[in-house]
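Report on the structure
Below, each chain spelled out in residue letters.
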Amino acid sequence: MTGLRTSALLALVALTACGDRTATKSAPADRADTGGTLVISAAGGPDNLMPPITTQTAGLQVEDLVFQRLATVGPALNTVGDAGFIPDLAQRWDWAADSLSITFHLDSAARWHDGTPVRAADVAFTFALYKDPKTAAPAATSLVNVDSMTVRDSLTVVAWFHMRTPGQFFDATMQMQVLPQHLVAPLDRATLAASAFASQPVGSGPFRFVRWVPNQSLELAADTTGGRRRARLDRVVFAIASDPNTAFTRLATGEADFSEDVRPDKVADVAANPQLRLSITPGLLYYFLTFNLVDPVTGAPHPIFGDRNVRRALTMATDRRAIVANVYDSLAAPARGPFTAGQASADTTLAPLPYAVDSAAALLDAGGWIRGADSLRRRNGKTLAFRIQVPTSSIARMRMAVLLQEQFRRIGADVTLESMDVAAFSARMDARRFDAMLLAWAQDGGPANARDAWSTASAAKGMHNYGAYRSPTFDAHIDSALAVMDPAAARGHFGAAWKIISADAPAIWLAEPRKVMAVHSRFVMTGARPDAWWAGIPRWYIPAAKRIARDVPAGATR
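Notes on the structure in this doc start here.

What counts and how
Residues numbered from 1 in each chain as written. Predicted model: local features only at pLDDT ≥ 70, side-chain atom pairs only at ≥ 80, totals over all residues. Heavy atoms only, no water. Pairing = 2+ DSSP bridges. Helix = DSSP H or I, 4+ residues; strand = E, 2+ residues; numbered from the N terminus. Axes fitted to C-alpha atoms, helices over the stretch in contact; angles between N-to-C directions. Buried < 20%, exposed > 50% of the residue type's maximum accessible area, 1.4 Å probe, protein only. Contact = heavy atoms within 4.5 Å. Expected span 1.5 Å × (residues − 1). Salt bridge = Lys/Arg side-chain N within 4 Å of Asp/Glu carboxyl O. Polar contact = N/O pair within 3.5 Å; in protein donor to acceptor, adjacent residues only side chain to side chain. Core = buried A, V, L, I, M, F, W, Y, C linked by side-chain atoms within 4.5 Å. Left-handed = near helix turned anticlockwise from the far one by under 90°. Nonpolar A, V, L, I, M, F, W, Y, C, P; charged D, E, K, R; others polar. Phe/Tyr/Trp six-rings, centres within 6.5 Å; stacked < 30°, edge-to-face > 60°. Lys NZ or Arg CZ within 6 Å of the ring centre and 35° of its normal.

Describing the sheet that holds strand 14 (residues 332–334)
- Across the sheet, six strands lie side by side as 14-21-13-20-18-19; this open sheet has mixed pairing. Edge strands, defined here as strands with exactly one partner in the open sheet, are strand 14 and strand 19 (414–420). The mean inter-strand angle of the sheet, taken between neighbouring strand axes irrespective of direction, is 25 degrees.
- With three bridges connecting them, strand 14 and strand 21 (residues 507–513) associate as antiparallel partners. Residue Ala332 lies in a different strand from strand 21, and its bridge partner there is Pro513.

Given below as structure tokens:
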């Protein structure tokens, strides 16, 4: 266990929740509260800064500050229609009478960070870029219902849809960040990650890119050309430390101001530090062990995980509640996947495969996997043996891996753990060179997320279905759920899809952690969303009386 008792953690949750409510009700800051630097202690850096192909959360966080969407989902995460959406690059929009097109009117003051005006042609170009198979954008699967985007005039773009669906506005706005045509059009779409733009991006958002030193730091500065886009803070610095202890030490000593992932064993330390405060909220992230259903060498079905009954047996041999309690205490719940409990599409009345070691053993016996004198199982001379890859940057996943290894050993599986840094882990993941991997999937507010991670189309290289799970029936139910206008009918299709993938067991969904963050007490945080805490950074501020030395640029006075 972590050493923190459940009652203590629940008390901390209550205290921090009250603090958050007080902060959100604070009076608006005046101009004297504009300025200062936020240093974020980050566990890893981006894979690239080219929005269509970025896969690492660290990159997505930076891009959300540098680029803009037509509109952004509101804090309630409503994805049906446009209720609650916040104007971003588009100041307003009009629906056609038949709901098969939406006309977006762009902000005439919007400028790229090189000074070039943002125009409707940029939006149309970006859409074509995301949809181009050469780009291999993971979000392309979520843009299938958007037929085209056409330019009406320099500040007006029209999105056209194949059919009317509940999430069509979400798809047209949240699935792509608008890119500058004049800078990106000359690039080879098949090699965007290798372009200079992917490491030195030019956006139109509240912060402009300054510099990126891989594995060390990434710096952004407030853009001062966009009027309404002016962020309250002057700078945001991501201080990268792959070692979790180093990352936490930076926070505890005041070298950094914010951490988005406070380990359970550090919660009490943060609570006892008068310079820090906790923020504990429900999360939309889940951790899971994904099985590679394809042999990474031959491309044939995996000799172990190509067998559905082996996957089911390993799932039933996993005591998820014990794993969650050991790693998180009360700061997480067992995951049910591939929908988190906080999503409207989740039906928490449906029961996943049970924890049943005897049933797991019986499945393996029936499949010809027989225990030997050494307690390991073999079939036709082949041992039930495989490797689990895990990133060293995640203490939670490292601990889960050890617990899984022991639980699988009890049913006769020989499991080797292979830990590696984020770069090596990501390379293995992208190349699909693994037996099993401990992954994290951060949901957004849209129910299409399950399609992005688990559909047949997403099993292609460059997409997010890394284990290559394929089920036409699952796909059909997800597609139907996203197409029907009746919420009850959509929920029924989501439930049917959940039953199919749970029975097929392409992965073991392990934990849905609460979001446990720590921030220096001098910051006033506003505008955080459940799916993206960083969305509020442009509105964060430091009261003038609480500034420290690094908040004042060299040579400036306040």
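Examining the pairing of strand 7 (residues 156–161)
- Counting buried positions along strand 7 gives five out of six residues, so the element sits mostly inside the fold.
- Both strand 5 (residues 101–106) and strand 7 contribute to a ladder of five bridges, which runs antiparallel. Bridged to His105 within strand 7 is Thr156.
- In the sheet, strand 6 (residues 146–153) pairs with strand 7 via six bridges, with the strands oriented antiparallel. Across the sheet, the residue bridging to Asp153 is Thr156, located in strand 7.

What to know about the environment of Val294
- Take Val294: it is sitting in the loop between strand 13 (285–291) and helix 8 (308–316).
- Residue classification places Val294 among the partly exposed positions, given a relative accessible area of 25%.
- Separated by 132 residues in the primary sequence, Val294 and Ser426 place their C-alpha atoms 18 Å from one another.
- Excluding its chain neighbours within four sequence positions, the residues that come into contact with Val294 are Gly299, Ala300, His302, Gly467, Ala468 and Arg470.

With respect to helix 15 (residues 487–504)
- Taking 1.5 Å of rise per residue, 18 residues should cover 26 Å, and helix 15 covers 26 Å from first to last C-alpha, within 8% of that figure.
- Among all positions in helix 15, only Ala490, Phe494, Gly495, Ala497, Trp498, Ile500, Ile501, Ser502 and Asp504 are buried.
- Residues of helix 15 that are buried make contact with helix 8, helix 13 (449–454), helix 14 (472–483) and strand 21.
- Of the residues trailing helix 15, Ala505 is marked for its positive phi of about 50 degrees.

Structural notes on the sheet that holds strand 16 (residues 377–379)
- With antiparallel pairing, three strands are arranged side by side in an open sheet as 15-16-17. Two strands close off the open sheet at either side, each with one partner strand: strand 15 (370–371) and strand 17 (382–383).
- Note: strand 15 against strand 16, two bridges, orientation antiparallel. Residue Ile370 lies in a different strand from strand 16, and its bridge partner there is Arg378.

Topic: the pattern of salt bridges
- Under the defined criterion, the tally for this structure stands at 22 salt bridges.
- Between Glu219 and Arg235 there is a salt bridge, with the nearest N and O atoms lying 3.1 Å from each other. With a gap of 16 residues between them, Glu219 in strand 9 (residues 217–222) and Arg235 in strand 10 (residues 235–240) connect regions that are remote in the sequence.
- A residue is classified by how much of its surface remains accessible, and Glu219, at 12% relative accessible area, is buried.
- It is possible to trace a salt-bridge network through shared partners that takes in Arg211, Glu219 and Arg235.

What to know about helix 8
- With seven of nine residues buried, helix 8 lies mostly within the body of the structure.
- Every buried residue of helix 8 is accounted for by Val310, Arg311, Arg312, Ala313, Leu314, Thr315 and Met316.
- The inward-facing, buried residues of helix 8 contact strand 13, helix 10 (357–366), strand 18 (385–391), helix 11 (395–409), helix 15 and strand 21.
- Residue Asp307 occupies the N-cap position of helix 8, its side-chain oxygen lying 2.9 Å from the main-chain nitrogen of Asn309.

Quick notes on the nonpolar core
- Membership of the largest hydrophobic core comes to 77 residues, with the highest contact counts inside it found for Leu289, Phe386, Met400, Phe408 and Trp454.
- Here Phe386 is in contact with Ile304, Phe305, Leu314, Phe408, Ala413, Asp414, Val415, Thr416, Asp435 and Ala436, once residues within four sequence places are set aside.
- Core analysis: the next-biggest nonpolar cluster, separate from the first, contains 71 residues, Val62, Val73, Phe125 and Leu143 among them.

Section: the packing of helix 9 (residues 320–328) against helix 11
- It is at 10 Å that the axes of helix 9 and helix 11 come closest, and there the two elements cross at 145 degrees. By crossing handedness, the relation of helix 9 to helix 11 is classed as right-handed. Facing helix 9, whose interface residues are Ile323, Asn326, Val327 and Tyr328, helix 11 presents Ala396, Arg399, Met400, Leu403, Leu404 and Gln407.
- In terms of residue class, the contact of helix 9 with helix 11 is made up of seven nonpolar, two polar and one charged.

A word on the packing of aromatic side chains
- Tallied over the entire structure, the rule returns 18 aromatic pairs.
- Ring centres 6.3 Å apart and planes at 40 degrees place the aromatic pair Phe67 and Phe197 in the tilted group. Taken together, the residues span a long stretch of sequence, with Phe67 in the loop between helix 2 (57–66) and strand 2 (71–72) and Phe197 in the loop between helix 5 (181–184) and strand 8 (207–213) at a distance of 130 residues.
- Judged by relative accessible area, which is 7%, Phe197 ranks as buried.
- Between Phe291 and Phe305, the aromatic rings sit 4.6 Å apart at their centres with planes inclined by 25 degrees, giving stacked as the arrangement. Taken together, the residues Phe291 in strand 13 and Phe305 in the loop between strand 13 and helix 8 connect sequence positions 14 residues apart.
- For Phe291, a relative accessible area of 0% corresponds to the buried category.
- Here a set of aromatic residues connected by ring pairs shows up, and it is made of Phe85, Trp93, Trp95, Phe104, Phe169 and Phe170.
- Cation over ring: Arg232 sits above Tyr541, and NZ or CZ is 4.8 Å from the ring centre.

Just distances and angles here, no functional claims.
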